[in-house]
Amino acid sequence: MKTFYMNNIDVAVLMKALDECKGDVILITDEGDRFNLKSKLSQITGIMKLIEGGIVCHAKIYCTDPDDESMLFRLNLFGKFDESDD
C-alpha cells in the first residue's frame, strides 16, 4: 500500500479536493484508525480527530486512484489542487 503524509492542510480546500476524487481516499491515523474520506460522515469523523486550530496537522493518506493521489499530493505541496485555484 503506497501512502503519503499530509501536513498543515486547509480543511475547506481538502473537502473540495475530496469531492473531486474518483476513487477511495483513506485517511489513516497514528492509532491505526481508517476512514474512507469519500463518505461525508467519515470525513467529519476522521478530520475532527486531526484538526488543531482549523488545520489538519498530520495525516497519512492512501488513494486507490493514481490521479487522486497526484492531486492530493499537489495539494499537500502547494496548498491547492488545481492550477486554476487562486
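Our subject is the structure listed above.
The present account deals with the structure reproduced in this document. These figures come from a predicted structure and were not determined experimentally. (Residues numbered from 1 in each chain as written. Predicted model: local features only at pLDDT ≥ 70, side-chain atom pairs only at ≥ 80, totals over all residues. Heavy atoms only, no water.)

Some remarks on the environment of G23
Part 1: Counting through the fold element by element, G23 comes out in the loop between α1 (11–20) and β2 (25–28).
Part 2: The residues touching G23, leaving out its near neighbours within four places in the chain, are K38, T64, D65 and D68. (Helix = DSSP H or I, 4+ residues; strand = E, 2+ residues; numbered from the N terminus. Contact = heavy atoms within 4.5 Å.)

Examining the packing of α1 against helix α2 (residues 40–50)
Part 1: Put simply, α1 and α2 touch, their axes get as near as 12 Å, and they point 150 degrees apart. It follows from the interaxial angle that α1 and α2 lie roughly antiparallel. Pair α1 / α2 crosses with right-handed handedness. Residues V11, L14, M15, L18 and D19 of α1 pack against K40, Q43 and I47 of α2.
Part 2: Each residue belonging to the contact of α1 with α2 can be placed in one class, and the counts come to five nonpolar, one polar and two charged. (Axes fitted to C-alpha atoms, helices over the stretch in contact; angles between N-to-C directions. Parallel < 35°, antiparallel > 145°, perpendicular 65-115°, else oblique. Left-handed = near helix turned anticlockwise from the far one by under 90°. Nonpolar A, V, L, I, M, F, W, Y, C, P; charged D, E, K, R; others polar.)

Points about the pairing of β2
Part 1: Residues V25 and L27 line one face of β2 and the alternating positions I26 and I28 line the opposite face, and both faces are buried.
Part 2: Where β2 meets strand β3 (residues 34–36), three bridges bridge the pair, whose relative direction is antiparallel. Paired with L27 across the two strands is F35, which belongs to β3.
Part 3: Hairpin connection between β2 and β3: a loop of five residues separates the two successive antiparallel strands, and G32 in this loop has a positive phi of roughly 95 degrees. (Buried < 20%, exposed > 50% of the residue type's maximum accessible area, 1.4 Å probe, protein only. Pairing = 2+ DSSP bridges.)

So, the packing of α1 against helix α3 (residues 66–78)
Part 1: It is the contact of α1 with α3, at a shortest axis distance of 10 Å, that shows an interaxial angle of 165 degrees. It follows that α1 is roughly antiparallel to α3 by the angle criterion. Pair α1 / α3 crosses with right-handed handedness. When α1 is examined against α3, the residues V13, L14, A17 and E20 are found in contact with a partner set consisting of D68, M71, L72 and L75.

Brief notes about the pattern of salt bridges
Part 1: Applying the stated rule across the entire model yields two salt bridges.
Part 2: For K40, the salt bridge is made with D19, and the minimal N-O distance between the two is 2.7 Å. In this pair, K40 is assigned in helix α2 and D19 in helix α1, connecting sequence segments 21 residues apart.
Part 3: A salt bridge links K22 to D67; the shortest N-O distance between them is 2.9 Å. (Salt bridge = Lys/Arg side-chain N within 4 Å of Asp/Glu carboxyl O.)

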